[in-house]
Amino acid sequence: MSTLTLIPPDHRALLADLESPSFVLGVDEGRWRVVSIEWPVTLLAVSAAPRAGAPDEFVLRCDFAGYPALAPTAVPWHLEESRPLTPGERPKGDRVGFVFRSDWKEALYAPFDRVALEDHQNWATQHARFTWTPDRDVTWYAIRLHELVNDDDYQGV
Amino acid sequence: MKLYVHDDDAPLSTLEVEDTMTAQAVLDLRGGQGDLWIEDADDPLDGNVCVKDALGDGRHLHHSRRCRRLTVTVRYGGDTKERVFPPAATIQRVFQWATGNKGFDLSKAERAKHELGVCGSGVIAERREHVGSLAGPDCSLCLDLAPKERFEG
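Fair warning: this is a prediction, and the values are worked out from it, not measured in the lab.

Caption draft 1: Seen up close, the overall build of chain B. A count of helical and extended segments in chain B gives five helices and eight strands. The N-to-C order of helical and strand elements in chain B reads β-β-α-β-α-β-β-β-α-α-β-α-β. Taken over the C-alpha atoms alone, chain B extends approximately 55 × 30 × 30 Å along its principal axes. Taken over 153 residues, chain B has a buried fraction of 47%. Across chain B, contacts joining residues at least 24 apart in sequence account for 62% of those joining residues at least 6 apart. For chain B, the accessible area works out to roughly 7400 Å², and carbon and sulfur atoms hold 46% of it.

Below, the structure is given as structure tokens:
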């Protein structure tokens, strides 16, 4: 039995999409990178626009179980200390501030997050363009995260 | 040299080419039909041009088989604006035109609050995508300029 067959289908699907030209392009251009994978947990670092006193990238601890049928869910993560970011360490701004809010569950407050979608089923119609569906992929997800912390609206931490 | 090739219909792909290859040689690798364009260029590459020299620091090509020119319509606030673009034009370039003084003339603050989506679909027009990759077989593309969505409630 080959090693590949021991890898569950959701993990295999993610690994295949991480090798797609569109995801690799983002890596080549420094927009995002995969820090590690300990299935189903994947640490994804997304580069951020320069802001005074803010980091040049944010790491998300993503859970890709069920990928791509199920949306991922993620927590903004402190890589060195292996813990969620504190409120003071999270990105701020009009849109991004809502997505990275800390006064909620340990998930992103967005229709591309599994936990948020479970709590806001109206978002699937209200924000259809931003709602995770099984035809989305990790590149689409990374673009959503990257645009949030590179928006003109992003104010730093 | 690794190239990223945008297509009319297929997803983004990569292509390894020799540094000395001409545009015609690269085109031949992809079946020989259509034209190759440098990203955001107004005209296709001449077949005799060395692709590496033409690209400079860039690595993005568009391979068009259908349209050398596309009509892009942008809808905003009940009004529409129309302009012809080459297939290799990025959505970022369309956004700059649509929000600029030849488009809907949005202020800098308003520009930051808007984005483009494909009309009547759930598709976000990503800034890095090419017009030719989103257009229909009739060489036209309709985009909505809409306020960025906030996830509340």
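Caption draft 2: Representation of the sheet that holds strand S5 (residues 70–76) of chain B in the model. Residue and element names in this part refer to chain B. The four strands are arranged S6-S5-S8-S7 in an open sheet whose pairing can be described as mixed. Edge positions in the open sheet fall to strand S6 (79–85) and strand S7 (114–118), since each of these has one partner strand only. Taking each pair of neighbouring strands and ignoring which way they run, the sheet shows an average axis angle of 25°. Both S5 and strand S8 (residues 140–147) contribute to a ladder of five bridges, which runs parallel. Its bridge partner being in S8, Val72 is matched across the sheet by Leu141.

Caption draft 3: Here's a closer look at the sheet that holds strand S1 (residues 2–7) of chain B. Sheet architecture is open: four strands sit in the order S2-S1-S4-S3 (chain B), paired in mixed fashion. A strand with exactly one partner marks an edge of an open sheet, and here the two such strands are strand S2 (13–16) and strand S3 (35–38) of chain B. Direction aside, the axes of adjacent strands within the sheet are offset by 35° on average. Bridge count for S1 of chain B against S2 of chain B is four bridges, and the pairing is antiparallel. The residue bridging Leu3 of chain B from the neighbouring strand is Leu15 of chain B, located in S2 of chain B. The strands touched by helix H3 (residues 21–28) of chain A within the sheet are S1, S2 and strand S4 (60–64) of chain B, with S1 of chain B carrying the most contacts at an inclination of about 130°.

Caption draft 4: Focus on helix H3 (residues 91–99) of chain B. Residue and element names in this part refer to chain B. The element H3 is extensively covered by neighbouring structure, given that seven of its nine residues are classed as buried. All of the buried residues along H3 are Ile91, Arg93, Val94, Phe95, Trp97, Ala98 and Thr99. Taken together, the buried residues of H3 touch S5, S6, helix H4 (108–111), S7, helix H5 (131–134) and S8.

Caption draft 5: Main features of the pairing of S8 of chain B. As paired elements, S7 of chain B and S8 of chain B share five bridges and run antiparallel to each other. Note that in S8 of chain B the partner of Leu116 of chain B across the bridge is Leu145 of chain B.

Caption draft 6: Region of interest: the layout of surface pockets. Residues and elements named next belong to chain A. Approximately 220 Å³ is the volume attributed to the second largest pocket. At the level of elements, strand S3 (57–63) and strand S4 (73–78) are the ones that each hand at least two residues to the lining of the second largest pocket. For the lining of the second largest pocket, the element with the most residues is S3, which contributes three residues. When grouped by side-chain class, the residues that make up the lining of the second largest pocket number seven nonpolar, one polar and four charged.

Caption draft 7: Spatial organisation of the interface of chain B and chain A. Facing 23 residues of chain B, the contacting portion of chain A comprises 28 residues. Of the roughly 2300 Å² buried between chain B and chain A, counting both surfaces, carbon and sulfur atoms make up 51%. Together, Glu149, Arg150 and Phe151 of chain B form the three largest contributors to the area buried by chain B at its contact with chain A, with a combined 32%. One can count eight salt bridges joining chain B with chain A. Glu126 of chain B is paired through a salt bridge with Arg144 of chain A; the nearest N and O atoms lie 2.8 Å apart. Summed over the shared surface of chain B and chain A, the number is 11 residue pairs in polar contact (both at pLDDT 80 or more). Mapped by element, the contributors of at least two residues to the side of chain B that touches chain A are S1, S2 and S7 of chain B. With three residues, the single largest contributor to the side of chain B that touches chain A is S7 of chain B. When its residues are assigned to classes, the side of chain B that touches chain A shows seven nonpolar, seven polar and nine charged.

Rules behind the numbers
- The written sequence of each chain sets the order in which its residues are numbered from 1.
- Chain A is the first chain written and ligand 1 is the first ligand written, with later ones labelled in order.
- Totals for whole chains, interfaces and linings use every residue, but because this is a predicted model, local features are given only for residues with pLDDT of at least 70 and side-chain atom pairs only at 80 or more, for both listing and counting.
- Only hydrogens and water are removed before side-chain values are computed, so all heavy atoms of the structure are retained for them.
- Numbering goes from the N terminus for both helices and strands, where a helix is a DSSP run of H or I of at least four residues and a strand is a run of E of at least two.
- Only protein chains enter the area calculation, which uses a 1.4 Å probe; residues under 20% of their type maximum are buried, those over 50% are exposed, and those in between are partly exposed.
- Contacts: residue pairs with any heavy atoms within 4.5 Å of one another.
- Each accessible area value is a Shrake-Rupley result obtained with a 1.4 Å probe; residue values ignore everything except the protein chains displayed when judging cover.
- Here the rule is simple: two strands pair whenever DSSP picks up at least two bridges between them.
- As a rule, the C-alpha atoms of each element are fitted with a line to give its axis, helices using only the stretch in contact, and angles between N-to-C directions run from 0 to 180 degrees.
- Every definition here rests on a 1 Å grid over the protein atoms only: cavities are sets of points where a 1.4 Å probe fits but cannot get out, pockets are open sets enclosed by protein on both sides within 12 Å along at least five of seven lines, and lining residues have some atom within 4 Å of a point.
- Grid points are joined across faces, edges and corners, and a volume is the space filled by probe spheres set on the points.
- For this scheme, ten residues count as nonpolar: Ala, Val, Leu, Ile, Met, Phe, Trp, Tyr, Cys and Pro. Four count as charged, namely Asp, Glu, Lys and Arg, and the remainder, Gly too, count as polar.
- By buried area we mean the combined loss of accessible area, with a 1.4 Å probe, across both parts when two parts are placed together.
- The term salt bridge refers to a side-chain nitrogen of Lys or Arg lying within 4 Å of a carboxyl oxygen of Asp or Glu.
- Here a polar contact means two N or O atoms within 3.5 Å. Within protein one must be a hydrogen donor candidate and the other an acceptor candidate, and residues neighboring in sequence count only if both atoms are side-chain atoms.

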